[in-house]
Amino acid sequence: MYFLWMVSIVVLVLDSSPLSYVFQKRLISLVRAKVIDVTPTSPNGADATLEIVYVYAGDKEIKGKSFTDSYMKLGGNGTTTYMPFQVGEEGLWTVALTRWSAKTPDLKLHPVKDMQMLFSYRCRKSKGGIEHFDDVVIAAQMIEKFEKAKPADRVPLLCDLLKHRTPEVFVWAMRKLGATDTDAAKKVLDELAEKPNLDQSIMWQIILDYVLV
């Protein structure tokens, strides 16, 4: 199980190019949300209405607003989940105001993938779901701490988070460094490139190499 978990993390790392950050023009918010309604849409699927109960990072004005996520028993592809929703269930989502299709021109809240996170669209604490929910919550708390920090304190904070034992934290911190266009961030990455820390985990080395590339 541990081996499969590590493989899944490596796949997510390799699927998340730092170059993709430049295409993320939308403000993506990291939130905790609660399922308040489930409506079947087919024998194998359902839509869940979720209320945002807490905003870790992003648009604080969306607290209390709702959005829809979908369950599909067959053919779940990341944009839909393969685990049924239950009223009262809580989890973490990355959401943004976006146009779902040309037929719906108005901006609405939808789950969107944040390339800096180690989960796609959602992280749910449910039987058979993602097992690292508690670690993702820790990462969310660290991201909130980063967002509240003064601009001058953010790169030093990222350096501290690189030492965190939780993969979801240090992966996010490394990616954030790669996406931070400041001299301070570039200096840290240059130093890491010149003096690799071989005491760090293979996972840590992989994400560093990928961000540097």
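See above for the structure.
Residues numbered from 1 in each chain as written. Predicted model: local features only at pLDDT ≥ 70, side-chain atom pairs only at ≥ 80, totals over all residues. Heavy atoms only, no water.

Participant: Would you mind going over the nonpolar core in detail, with residue names and values included?
Facilitator: Counting 38 residues, the largest nonpolar core has Leu30, Leu92, Trp172, Met174, Leu177 and Leu192 as the members making the most contacts within it. Elements represented by at least two residues in this core include exactly β2 (45-57), α2 (133-148), α3 (151-161), α4 (167-179), α5 (183-194) and α6 (202-212). The element contributing the most residues to this core is α2, with eight residues. Excluding its chain neighbours within four sequence positions, the residues that come into contact with leucine 192 are Leu162, Met174, Trp204 and Leu208. Listed in part, the 15 residues of the second largest apolar core include Val31, Tyr71, Trp93 and Val95. (Core = buried A, V, L, I, M, F, W, Y, C linked by side-chain atoms within 4.5 Å. Buried < 20%, exposed > 50% of the residue type's maximum accessible area, 1.4 Å probe, protein only. Helix = DSSP H or I, 4+ residues; strand = E, 2+ residues; numbered from the N terminus. Contact = heavy atoms within 4.5 Å.)

Participant: Please set out the pattern of salt bridges residue by residue, giving values where relevant.
Facilitator: Inspection of every chain in the model, using the stated rule, returns five salt bridges. Salt-bridge contacts for glutamate 144 lead to lysine 148; the nearest nitrogen and oxygen are separated by 3.5 Å. Here glutamate 144 and its partner lysine 148 are both found in helix α2, four residues apart, which amounts to about one turn of the helix. Residue glutamate 144 is classed as buried on the basis of its relative accessible area, which comes to 11%. The class for lysine 148 is exposed, based on a relative accessible area of 63%. (Salt bridge = Lys/Arg side-chain N within 4 Å of Asp/Glu carboxyl O.)

Participant: I'd like a description of α3, backed by residues and values.
Facilitator: Buried within α3 we find Val155, Leu157, Leu158 and Leu161. On an axial view of α3, the arc spanned by its buried residues comes to 160 degrees, and they lie on one face. Next to the buried residues of α3 lie α2, α4 and α5. (Arc of directions from axis to C-beta.)

Participant: Outline empty space enclosed by the protein, listing residues and values.
Facilitator: Evaluated as defined, the whole model comprises one cavity of 30 Å³ or more. Empty space within the largest cavity amounts to approximately 30 Å³. Lining the largest cavity are Gln116, Met117, Leu118, Phe119, Val136, Ala139, Glu168 and Trp172. Among the elements of the structure, α2 and α4 are those that each provide at least two residues to the lining of the largest cavity. (1 Å grid on protein atoms, 1.4 Å probe; cavity = no way out; pocket = protein on both sides within 12 Å on 5 of 7 lines; lining within 4 Å. Points joined across faces, edges and corners; volume = space filled by probe spheres on them.)

Participant: Mind laying out the pairing of strand β4 (residues 90-98), listing which residues take part and the relevant values?
Facilitator: Most of β4 sits out of view: seven of its nine residues are buried. Two strands pair when backbone bridges link them, and strand β1 (residues 29-42) and β4 are joined in this way by six bridges, in the antiparallel orientation. The residue bridging alanine 33 from the neighbouring strand is glycine 91, located in β4. Relative to strand β6 (residues 122-124), β4 is paired through three bridges, and the arrangement is antiparallel. (Pairing = 2+ DSSP bridges.)

Participant: Provide a residue-level description of unusual backbone geometry, including the pertinent values.
Facilitator: Phi at tyrosine 121 takes a positive value of approximately 70 degrees, unusual for a residue other than glycine. One can find tyrosine 121 in the loop between β5 (108-111) and β6. Under the relative-accessibility criterion, tyrosine 121 is labelled buried at 17%.

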